[in-house]
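# Observations on the three-dimensional arrangement
Here's the letter readout for the chains.
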Amino acid sequence: MQLIFRGAAKTVTGSCYQIQDEGVNILVDCGMFQGSDVEDLNSKPFAFDPKSIDFVLLTHAHMDHCGLLPKLVRQGFTGKIYLTPPTSALAELVLLDSAKIQEIESRKNSNNKHIYSESMPFEMHNILYDTIDAQNTISRFVTKNLGDGFMPMSNVSVRFVPAGHILGAASIEIVINNTKLLFSGDLGRIDQSIVNPFSNSSDFDPDYIIMESLYGGITHQDRESTTNMFLNSVNNTIERDGNVIIPSFAIHRTQEILELLKISITSSCIKGNVQIILDSPMASRATRIYTQFASYFNRNFSYGEYSNENGVKKSLVIGDYGSSRFDFDELRYIRTAKQSLRLKASSRSIIIAGSGMVEGGRILQHVASYAPKSRNSLLFVGYQAEGTLGRAIVDGAKVVKINKRDIDINSQVEYIRGFSAHADEPTLLLWLNVQAKSSLKQVFLVHAEESQSKMLQNSIVAEGRNAIIPDLNESHTL
Ligand SMILES: [Zn+2]
Ligand SMILES: [Zn+2]
């Protein structure tokens, strides 16, 4: 059997693993490469023939795991794509959005080259896939519940098991001709928000484990300190009669912020009357999908304690709200772009908008409107990659360009890292110790910069196990 690392090898994004054995040729994930150093890989031809792939197993709906599936279909893949029901709903959302953005971008390119004519169908250049490819991809989805085993082929059995991380995310147990492989997918935290964390026991005895190592060497800030940083920043801004602008990722982070705001308002941990504005069509749709899968929600999840306005310590515990988990009176959804442009938030508003790294979308106009005033706050609650506008701001830029205008950043800027949806090193080691049993021959570390993988590798080796960090397109005989 050959295991070939087609992506997320010594880099974070582009997750894609090919397994070839007698009569079997499959992929686990087919993700997009993201970030200026690897983006070019997206337009390169696949290093295998898409027509030869029997089926794909998808761990979860993040773009770095599913983002090239429509390219695979466009280039001749005709098999099934197995995934959990929530992953199906979320992947449909992100793939259609990605196709739409590419179509708009390609039209812009044509415009720049003055070859676009309104009345003529334009040619799409440099597009990875379009809406039709995305729709053809979605039509290949076959959903399987977490925990249910199934056999896509007579000599292959598969089971999705909970990984935490985001709604629907799975680790995947695969048995091919009696060889057992376990793909971690992206792993969530022990104190996993919204959905249940990965299980602390397993009856699967894998020969090989392919695991993410994103936060090798890193221990996260705990939930309670993160909550306190967040609420202190919100309350300080409200006391100044300012507005809080939160750039947020549409899937999971927005819902996490919404439920934290809901429980904080309910517990009088946010001072005075505030208005919460969700100005992101994508995040609004993702929130609706989350509520459709309320049976996946965890119960009695604690964001820790916070002293409310009367100095009383309150436990911020999310009750069993079911599908109204993210609903509350103070929350307003902005639907159309016109409404967004007209939005004149009164002071003491909290505006949540995308994109999460301030690379585009409605957040741009909010940063342009509110960042120049010192009473407002820009509150970053997600990872800010090198080279993004969000990163420039958290690194202290005093002036940034938005839509060709110079925007002064006089507002408070806070970067809270503790909301991560990924396992840190102690949690990764815990997961590995749950999974590793007598049959284990080898661990492969993926989905990280090499420096992070190396730190995790050292810790794994110190515990007496083998771990290797494969290169892109490296092939291993199992
Ligand atoms: Zn992920
Ligand atoms: Zn990922």
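As the structure is a computational prediction, the values presented were derived from the model and not from experiment.

Here we come to the coordination of the zinc ion (ligand 1). Around the zinc ion (ligand 1), the protein contributes the donor atoms His 60 (NE2), His 62 (ND1), His 165 (NE2) and Asp 186 (OD), which lie 2.1 to 2.3 Å from the metal centre. Classification of the site at the zinc ion (ligand 1) rests on its 4 donor atoms, whose angles at the metal span 92 to 160°, yielding the label irregular. Site description for the zinc ion (ligand 1): donor spacing in sequence, H-x1-H-x102-H-x20-D. A distance of 3.5 Å spans the gap from the zinc ion (ligand 1) to the zinc ion (ligand 2), which Asp 186 bridges by coordinating each metal.

Turning next to the coordination of the zinc ion (ligand 2). Those protein atoms acting as donors to the zinc ion (ligand 2) are Asp 64 (OD), His 65 (NE2), Asp 186 (OD) and His 447 (NE2), and they sit at 2.1 to 2.3 Å. Classification of the site at the zinc ion (ligand 2) rests on its 4 donor atoms, whose angles at the metal span 89 to 165°, yielding the label irregular. Taken in sequence order, the residues that donate to the zinc ion (ligand 2) follow the motif D-H-x120-D-x260-H. Residue His 65 is classed as buried on the basis of its relative accessible area of 1%.

In this fold, Ser 475 is placed in strand E24 (residues 475–477). Distance from Ser 475 to Ile 246, taken between C-alpha atoms, is 43 Å for residues 229 residues apart in sequence. Those residues in contact with Ser 475, other than ones at most four positions away along the chain, are Gln 2, Leu 3 and Ile 4. Reaching out from Ser 475, the side chain makes a polar contact with the side chain of Gln 2 at a distance of 2.6 Å.

We now examine the packing of aromatic side chains. Taken as a whole, this structure holds 13 aromatic pairs when the rule is applied. With a centroid separation of 5.6 Å and 35° between ring planes, the pair formed by Tyr 17 and Phe 183 is classed as tilted. With Tyr 17 in strand E2 (residues 16–21) and Phe 183 in strand E10 (residues 179–183), the pair connects residues that are 166 residues apart, well separated along the chain. Across the pair, Phe 183 and Tyr 17 agree in class, each one buried. Ring centres 5.6 Å apart and planes at 85° place the aromatic pair Phe 55 and Tyr 82 in the edge-to-face group. Of this pair, Phe 55 sits in strand E4 (residues 55–57) while Tyr 82 is found in strand E5 (residues 80–83), placing the two residues 27 residues apart along the sequence.

Whether parallel or antiparallel, the strands of a sheet pair through hydrogen bonds between backbone atoms. Pairing is parallel in the open sheet, where 6 strands are placed in the order E16-E13-E17-E12-E18-E21. One side of each edge strand has no neighbouring strand; the edge strands of this open sheet are strand E16 (331–333) and strand E21 (412–415). Neighbouring strand axes in the sheet, compared pairwise and without regard to direction, differ in orientation by 20° on average. Relative to strand E17 (residues 349–353), strand E13 (residues 275–279) is paired through 5 bridges, and the arrangement is parallel. Within E17, the position partnered with Ile 276 by the bridge is Ile 350. Packed on one face of the sheet, helix H5 (residues 223–239) meets strand E12 (244–247), E17, strand E18 (377–380) and E21 and runs near 165° to E18.

The next thing to look at is the sheet that holds strand E8 (residues 156–162). Pairing is mixed in the open sheet, where 7 strands are placed in the order E7-E8-E9-E10-E11-E22-E23. Every interior strand has two partners, whereas the edge strands, strand E7 (149–153) and strand E23 (467–468), have only one. The pairing of E7 with E8 spans 3 bridges and is antiparallel. Note on E8: the bridge partner recorded for Gly 149 is Arg 159. The sheet strands contacting helix H11 (residues 425–435) are strand E9 (170–176), E10, strand E11 (208–212) and strand E22 (442–446), and the helix crosses E11 at an angle near 165°. The strands touched by helix H12 (residues 450–462) within the sheet are E11, E22 and E23, with E22 carrying the most contacts at an inclination of about 155°.

The rules behind each value
Residues numbered from 1 in each chain as written. Chains lettered and ligands numbered in written order. Predicted model: local features only at pLDDT ≥ 70, side-chain atom pairs only at ≥ 80, totals over all residues. Heavy atoms only, no water. Donors = N, O, S within 2.8 Å, 3.2 Å for Na, K, Ca; no water. Tetrahedral: all angles 85-135°; square planar, octahedral: opposite > 155°, others 65-115°. Buried < 20%, exposed > 50% of the residue type's maximum accessible area, 1.4 Å probe, protein only. Helix = DSSP H or I, 4+ residues; strand = E, 2+ residues; numbered from the N terminus. Contact = heavy atoms within 4.5 Å. Polar contact = N/O pair within 3.5 Å; in protein donor to acceptor, adjacent residues only side chain to side chain. Phe/Tyr/Trp six-rings, centres within 6.5 Å; stacked < 30°, edge-to-face > 60°. Pairing = 2+ DSSP bridges. Axes fitted to C-alpha atoms, helices over the stretch in contact; angles between N-to-C directions.

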